[in-house]
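One-letter residues, chain by chain:
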There are 6 protein chains.
Amino acid sequence: MFYLTRREHFNAAHKLSNPNWTEEQNKTVFGGCANPNWHGHNYTLWVTVKGNVNPETGFVMNMRDLSKVINEQVIKHIDHKNLNLDVPFLQGIMPSTENVAKAIWDQMAPHIEGGILHCVKLQETENIFVEYYGE
Amino acid sequence: MFYLTRREHFNAAHKLSNPNWTEEQNKTVFGGCANPNWHGHNYTLWVTVKGNVNPETGFVMNMRDLSKVINEQVIKHIDHKNLNLDVPFLQGIMPSTENVAKAIWDQMAPHIEGGILHCVKLQETENIFVEYYGE
Amino acid sequence: MFYLTRREHFNAAHKLSNPNWTEEQNKTVFGGCANPNWHGHNYTLWVTVKGNVNPETGFVMNMRDLSKVINEQVIKHIDHKNLNLDVPFLQGIMPSTENVAKAIWDQMAPHIEGGILHCVKLQETENIFVEYYGE
Amino acid sequence: MFYLTRREHFNAAHKLSNPNWTEEQNKTVFGGCANPNWHGHNYTLWVTVKGNVNPETGFVMNMRDLSKVINEQVIKHIDHKNLNLDVPFLQGIMPSTENVAKAIWDQMAPHIEGGILHCVKLQETENIFVEYYGE
Amino acid sequence: MFYLTRREHFNAAHKLSNPNWTEEQNKTVFGGCANPNWHGHNYTLWVTVKGNVNPETGFVMNMRDLSKVINEQVIKHIDHKNLNLDVPFLQGIMPSTENVAKAIWDQMAPHIEGGILHCVKLQETENIFVEYYGE
Amino acid sequence: MFYLTRREHFNAAHKLSNPNWTEEQNKTVFGGCANPNWHGHNYTLWVTVKGNVNPETGFVMNMRDLSKVINEQVIKHIDHKNLNLDVPFLQGIMPSTENVAKAIWDQMAPHIEGGILHCVKLQETENIFVEYYGE
């Protein structure tokens, strides 16, 4: 069993804000992340697939295919966008790093061929990242 | 003469859009950077000061003082903000990396003591950065 | 289940030296790390907490709270210190990367709320790090 | 149980090419990686060993010993070499990242003392890496 | 005057070998870099352009245009290639980092519009890079 | 003219403390850096040499020779040492980043052959570095 990881990037605006709370409550819990006019990040995404090696290719999965799936299913919908407003697969979801990582997992899982989706790791800043393994 | 550099971070939302152009023109020139609902970045900022060493301290300038000036004059106004809407020293300025670097220079220059402001380097993504030397 | 990681930094002096051994034996086993007048490192620390997402916040745990705990329980006692002499929670402990990682775990574990402490990863140089999972 | 990791580097030329396929087929599957005159990479290798701490040293394993084993068993055979032509332990193996990681595992495993080989992680570019755990 | 930098990557095989010398002499001077069957690197390339800001765009030069020129003039000829054998603009040139940096400068300079080519920086490994300013 | 840079590492303990000041004054100016029992860093050192390319080798200077000089003149005296107590070329010098960079310059300059020493860059943490050009 091999664990194969591909890194991709996107950048986006977002804010963290619970619509059932006052602006004051949001500011207390989320700090600057609740700024009404948004802020943003360069996100780094690592997608890990596990599987056995195909003896014809030496690959678990062709990295170009994995990159194509990530770009088709995730990056083109999310890059240079507003996570609260613009992304179909994030509608109604508070765009915390945790929730975005899970939404990326759900978006990717049906499209992995040759291996099994193992981990989605999403880094929001150099100091903060989340790993999600599908359950 | 020594060149002393301090790195700081901020993150922010912005968009690139010339108000005299149609949305179509903006999209042609700025691509995804013109997204109407914004996008964002983790910016990395390097501020370089030059000067001679004070023999009492071994310092051109105390790094804690430099960090305090950067935070007071720049970071607290710009971090977790929208560069087009929220930042007093960017009013009326298209927030390209070039223009933001120059605005940070103008904001910093009067407040450097002990040395002379030499360079503001601003990185927008791992692949793009701008250096400005004050003229 | 989500795995949430926060990175922090500290720097410190230390030496590796078994008090039951001669200086010669210490030098043979520990090399330059046994230098009697100390040496030091910039340590990077990653603390990982696992848990479910709170639907009100989208968070396993508020990163500002996690950062506060790390700073309160670890960083303020260890940053700009001598690991052999100055740190209450390292008294009597040989400050190898392994032992410091475990001591940080013990220091942190009782103070994590909302999630469960999963991993302490401590990097001594770009080439050496240790991970400890609590047993 | 502690997990101790040592990073090393090597650089090498290689190509990906299935000898049972036409050049056209190889180009379709492997793209630029099938370039007949080779291409190359700076590889980064992380070797992780797990074990308990020796109370005399505070170490699972002396990092200098681990580094020596990696250099003796792997780096000196593979650094500044052609992975398809020059490396005894890669004879007859298509040098995909997966296959090279496994070959490094097989090369290392019999020589780890004090701990147990846990993971070989091999990075081919900043965007691609493979982890192998021995089965 | 602003200095604008774009980073790109390529990877390639090469060897360092003076055809007027014996293999022994080459090995003495170039060490592992003279390996007859080649070795290779992940190269990182930074191209810096200087100029004034266009007030319509806030740009010295549109980064997408700069990236397009670098890819058209350099990357597509050099990526996944053998620097000694495959690259038209390196024919007859010993592919040291210095010489490749100069060849990239010569390849780029006639194609920069809006600004002036200022620096080509080429990194061969994390420990070695060359900067060339055109004279 | 080419600018050729070699990166090296060392780690060391130090403290910043003016012997003519009280401990209180030292603490006010130097903060945690005045800790009486020392602290330490992983230092990164970049040495830049400028010169023309030797047509026989394609090199300004053989990087292995440059690395050898840096190791002989600097690293072996300073690595795993106490900068205040153990290093012959730092006797009587307050080991601020500025002063250590200048001392490394003075140590290196007489030993560069083939090129001219251009810059010593010394990084103390990821956030702080100094460049010195010899005057």
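Here the structure is a predicted model, which means the values were calculated and not measured.

(A) The interface of chain F and chain C, seen in detail. Each side of the interface is counted separately: chain F has 22 residues, and chain C has 22 residues. Taken as a group, N37, N42 and H80 of chain F account for 33% of the area that chain F buries against chain C, more than any other trio of residues on that side. Where chain F meets chain C, there are zero salt bridges. Remark: the boundary between chain F and chain C carries 15 residue pairs in polar contact (both at pLDDT 80 or more). Elements supplying a minimum of two residues to the side of chain F that touches chain C: β1 (2–14), β2 (39–51), β3 (81–82) and β4 (116–125) of chain F. Here the residues of the side of chain F that touches chain C sort into five nonpolar, twelve polar and five charged.

(B) The arrangement of the side chain of H39 of chain E in detail. Within the secondary structure, H39 of chain E is located in strand β2 (residues 39–51). Apart from the residues within four sequence positions on either side, H39 of chain E is in contact with N11, A12, A13, H80 and K81 of chain D together with A12, A13, H14, K15, G32 and C33 of chain E.

(C) Layout of the packing of helix α2 (residues 63–78) of chain E against helix α3 (residues 97–108) of chain E. All names here are of chain E. Contact geometry of α2 with α3 gives a least axis separation of 10 Å together with a crossing angle of 130°. In terms of their interaxial angle, α2 and α3 are classed as oblique. Considering how the two elements wind past one another, α2 and α3 form a crossing that is right-handed. Only V100, I104, Q107 and M108 of α3 make contact with α2, whose side of the interface consists of L66, V69, I70, Q73, V74, H77 and I78. Its residues placed into classes, the contact of α2 with α3 shows eight nonpolar, three polar and no charged.

(D) Representation of the relation of the copies chain F and chain C within the structure. After a rotation of 180° and a shift along the axis of 0.0 Å, chain F superposes on chain C with an RMSD of 0.0 Å. Read as a symmetry element, the transformation amounts to a two-fold axis. With an isologous cut-off of 70% or more, the 100% of interface residues of chain F that recur at the interface of chain C puts this contact in the isologous class.

(E) Examining the interface of chain C and chain D more closely. Between chain C and chain D, the contact holds 22 residues from the first and 18 residues from the second. Buried surface at the junction of chain C and chain D, summed over both partners, amounts to about 1700 Å²; 52% is from carbon and sulfur atoms. Looking only at chain C, the three residues that lose the most surface to chain D are E98, N127 and F129 of chain C, adding up to 33% of its buried area. Across the contact surface, chain C and chain D share one salt bridge. The interface formed by chain C and chain D includes twelve residue pairs in polar contact (both at pLDDT 80 or more). Of all the secondary-structure elements, those providing two or more residues to the side of chain C that touches chain D are α1 (23–30), α3 (97–108) and β5 (128–132) of chain C. Considering every element that reaches the side of chain C that touches chain D, the biggest residue donor is β5 of chain C, with five residues. In this structure, β5 of chain C lies alongside strand β1 (residues 2–14) of chain D, joined through five bridges in antiparallel fashion. Note on β1 of chain D: the bridge partner recorded for E131 of chain C is Y3 of chain D.

(F) View of the packing of aromatic side chains. Across all of its chains, the model carries 36 aromatic pairs over all chains by this definition. Measuring from ring centre to ring centre gives 4.7 Å for Y132 of chain A and F2 of chain C, while their planes differ by 20°; the resulting arrangement is stacked. Placement of the pair is Y132 of chain A in strand β5 (residues 128–132) and F2 of chain C in strand β1 (residues 2–14), with the two residues belonging to separate chains. In terms of burial, Y132 of chain A and F2 of chain C fall into one category: buried. An aromatic cluster is present here, built from F2 of chain A together with W105 and Y132 of chain D joined pairwise through their rings. Sitting above the plane of the W46 of chain C ring, K121 of chain C keeps its charged end 4.5 Å from the centroid.

About the cut-offs
Residues numbered from 1 in each chain as written. Chains lettered and ligands numbered in written order. Predicted model: local features only at pLDDT ≥ 70, side-chain atom pairs only at ≥ 80, totals over all residues. Heavy atoms only, no water. Contact = heavy atoms within 4.5 Å. Buried area = accessible area lost by both parts, 1.4 Å probe. Salt bridge = Lys/Arg side-chain N within 4 Å of Asp/Glu carboxyl O. Polar contact = N/O pair within 3.5 Å; in protein donor to acceptor, adjacent residues only side chain to side chain. Helix = DSSP H or I, 4+ residues; strand = E, 2+ residues; numbered from the N terminus. Nonpolar A, V, L, I, M, F, W, Y, C, P; charged D, E, K, R; others polar. Axes fitted to C-alpha atoms, helices over the stretch in contact; angles between N-to-C directions. Parallel < 35°, antiparallel > 145°, perpendicular 65-115°, else oblique. Left-handed = near helix turned anticlockwise from the far one by under 90°. Least-squares fit on C-alpha atoms with pLDDT ≥ 70 in both. Pairing = 2+ DSSP bridges. Phe/Tyr/Trp six-rings, centres within 6.5 Å; stacked < 30°, edge-to-face > 60°. Buried < 20%, exposed > 50% of the residue type's maximum accessible area, 1.4 Å probe, protein only. Lys NZ or Arg CZ within 6 Å of the ring centre and 35° of its normal.

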